[in-house]
Amino acid sequence: MMINHVMYKKLQVEDVEIFYREAGHSSKPTIVLLHGFPSSSHMFRDLIPLLADRYHVIAPDYPGFGNSSMPGVREFQYTFEHISRIIEQFLTRLDVSRCILYCHDYGGPVGFRIAVRSPWRILGFVIQNAVVNVDGLGQPFDVFKKLWRDPSPANQAEFATLARFEFTMQQYLTGVCQPLVVSPDGYSMDQFFLNRTGNDEIQLALGYDYRNNVKEYPRWQQYLYHYQPPALVTWGRNDFIFTVDGANFFAKILSRAEIHLLCGGHFILEEKSALISDLIKNYYCRVYGF
């Protein structure tokens with residue numbers, strides 16, 4: 001029997017409880033949806049049902065995000081390396097041996113780390129505004145870079161503004177082409193979780209650790225060039241956080257990359273879930289026949 005409705009589950013990994021959304025029959029090819037900052041699996045709420053007729057869809061929340069556990073920074077190591085290993089263990093626990101990774105924003109560093117460690121696991125990628133090159137980093141990363149150079153109280157305070165409601169709403173609304181279809185639920189939900197006591201320290205830890213993602217870019221590029229995984233790039237072309245230089249770079253190193261620069265911003269799914277679902281199905285039908 002097909003399971004097209006979304007189920008809401010939790011799974012213990014190490015000492016944290018991972019919340020995830022699941023839909024579709026487990027006999028189908030699996031697509032794992034990896035969210036970005038400052039969001040959670042909630043960002044995929046419209047896309048999941050659209051994919052569930054053809055795929056087994058899994059969308060986890062990272063530790064410190066959404067409905068997963070939020071241990072403090074003294075109880076949990078908030079690095080992208082650690083989070084990627086948590087998600088990798090999570091997939092192993094669910095018997096997901098091979099999958100397509102859908103990577104958005106912070107989901108890029110999580111997903112590419114998994115791919116480099118376990119290239120046999122990756123059937124391909126869907127990449128939504130996530131980069132592997134420095135030229136793809138937009139203006140807000142100037143604040144990150146100041147923090148990396150000097151994590152002073154002043155630079156920490158400036159970085160903290162990226163977790164305020166004004167910037168969260170800006171990420172959703174800047175560059176949109178159909179503003180009337182962008183629900184306030186997305187940025188309101190994100191801000192609810194950002195405002196929890198202790199979450200500012202978590203975001204600061206990840207912001208400072210992001211410098212290690214940049215150091216990994218050559219390794220991720222080498223992986224992509226060597227293994228040539230199929231990659232569908234569905235990019236909000238008006239994104240001010242990750243620029244179109246990041247999207248076009250994938251075409252330079254991946255022979256099977258298909259690039260779609262869509263009219264919209266950082267959270268392009270708010271406007272284009274149906275179109276992106278069709279693009280995924282059409283692309284992977286051509287590549288694999290499913």
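Scroll up for the structure.
Position numbers for residues start from 1 in each chain and track the written sequence from start to end. For this predicted model, a pLDDT threshold of at least 70 governs which residues receive local features, and a threshold of 80 or more governs which side-chain atom pairs are given and counted, while totals over whole chains, interfaces and linings are taken from all residues. Each side-chain value is worked out from all heavy atoms of the structure, with water and hydrogens disregarded.

On to the overall build of the chain, then. Counting its secondary structure elements, the chain contains ten helices and eight strands. Its C-alpha atoms give the chain a radius of gyration of 18 Å, near enough to 19 Å, the size a compact globule of 290 residues would have. With respect to the principal axes defined by its C-alpha atoms, the chain has extents near 55 × 40 × 40 Å. By the burial criterion, 57% of the 290 residues in the chain qualify as buried. Helix numbering and strand numbering both begin at the N terminus, where a helix is a DSSP run of H or I of at least 4 residues and a strand a DSSP run of E of at least 2. Only C-alpha atoms enter the radius of gyration; for comparison, a globular chain is expected to reach 2.2 Å times N to the power 0.38, where N is the number of residues. A 1.4 Å probe rolled over the protein chains alone gives each residue an accessible area, and that area as a share of the maximum for its type sets the label: buried under 20%, exposed over 50%, partly exposed in between.

Before going further, it helps to examine helix α7 (residues 185-194). Inspection of α7 places G186, Y187, D190, Q191, F193 and L194 among the buried residues, and these make up the whole buried set. Down the axis of α7, the buried set is contained in an arc of 160°. They therefore lie on one face. Buried residues belonging to α7 abut α6 (165-173) and α8 (199-227). Directions from the helix axis toward the C-beta atoms define the arc. By definition, residues are in contact when any of their heavy atoms lie within 4.5 Å.

Before going further, it helps to examine the pairing of strand β3 (residues 30-34). Of all five residues that make up β3, five are buried, and the element is covered over most of its length. Residues T30, V32 and L34 point to one face of β3 and I31 and L33 to the other, with burial holding for every one of them. Bridge analysis of β3 against strand β4 (residues 56-60) gives three bridges, and the strand direction is parallel. The partner of V32 across the bridge, within β4, is I58. A pair of strands is treated as paired once DSSP finds two or more bridges between them. Direction of pairing for β3 relative to strand β5 (residues 99-104): parallel, over a ladder of four bridges. Bridge pairing in β5 places I31 opposite I100.

The next thing to look at is the pattern of salt bridges. Salt bridges are counted wherever a side-chain nitrogen of Lys or Arg sits within 4 Å of a carboxyl oxygen of Asp or Glu. Scanning the model with the defined rule gives twelve salt bridges in all. Among the ionic pairs, E216 bridges to R219, the shortest N-O distance being 3.4 Å. One end of the pair is E216 and the other is R219, both in helix α8 and three residues apart, which spans about a single turn. What you see here is one network of salt bridges that share partners, running through E81, R85, E88, R113 and R117.

Note on placement: D190 falls in helix α7. A residue counts as positive if it is Lys or Arg and as negative if it is Asp or Glu; His and the chain ends are not included. One buried charge, D190, has no salt-bridge partner; the nearest side chain with opposite charge is R45, at 7.3 Å. Only 3.3 Å separates the side chain of D190 from the side chain of S39, close enough to count as a polar contact. In contact with D190, not counting residues within four places along its chain, are P38, S39, S40, T168, Y172 and F267. Within 3.5 Å is the distance limit for a polar contact, defined as a pair of N or O atoms, with the added protein rule that one can donate a hydrogen and the other accept it, and that residues adjacent in sequence qualify only through two side-chain atoms.

Time to look at the pairing of strand β8 (residues 258-262). Pairing analysis gives five bridges linking strand β7 (residues 231-236) to β8, with the strands arranged parallel. When the bridges of β8 are listed, W235 appears paired with L261. Every crossover in which the path from the first strand over the helix to the second runs clockwise, viewed with the strands pointing away from the viewer, is termed right-handed. Handedness of the crossover joining β7 and β8 through helix α9 (residues 244-253): right-handed.

Our focus in this paragraph is unusual backbone geometry. Along the chain, F37 connects to P38 via a cis peptide bond; the corresponding omega equals 0°. Phi is positive for N129, close to 50°, though the residue is something other than glycine. Relative to the assigned elements, N129 resides in the loop between β6 (122-128) and α4 (141-149). Assessed through its relative accessible area of 0%, N129 is described here as buried. Even without being a glycine, Q228 presents a positive backbone phi close to 50°. Positionally, Q228 belongs in the loop between α8 and β7.

Each Phe, Tyr or Trp ring, with Trp reduced to its six-membered ring, pairs with another whose centre is within 6.5 Å; inter-plane angles below 30 degrees give stacked pairs, above 60 give edge-to-face pairs, and intermediate values give tilted ones. In the structure shown here, the tally under the stated rule is 32 aromatic pairs. When the ring of F80 is compared with that of Y106, the centres are 4.8 Å apart and the planes differ by 85°; the resulting orientation is edge-to-face. Residue F80 is located in helix α2 (residues 80-93), and its partner Y106 is located in the loop between β5 and α3 (107-117); the two are separated by 26 residues in the primary sequence. For F80, a relative accessible area of 1% translates into the label buried. Judged by its relative accessible area of 4%, Y106 falls in the buried class. Note on F141 and F242: the rings are 5.3 Å apart at their centroids and 50° apart in plane angle, and the pair reads as tilted.

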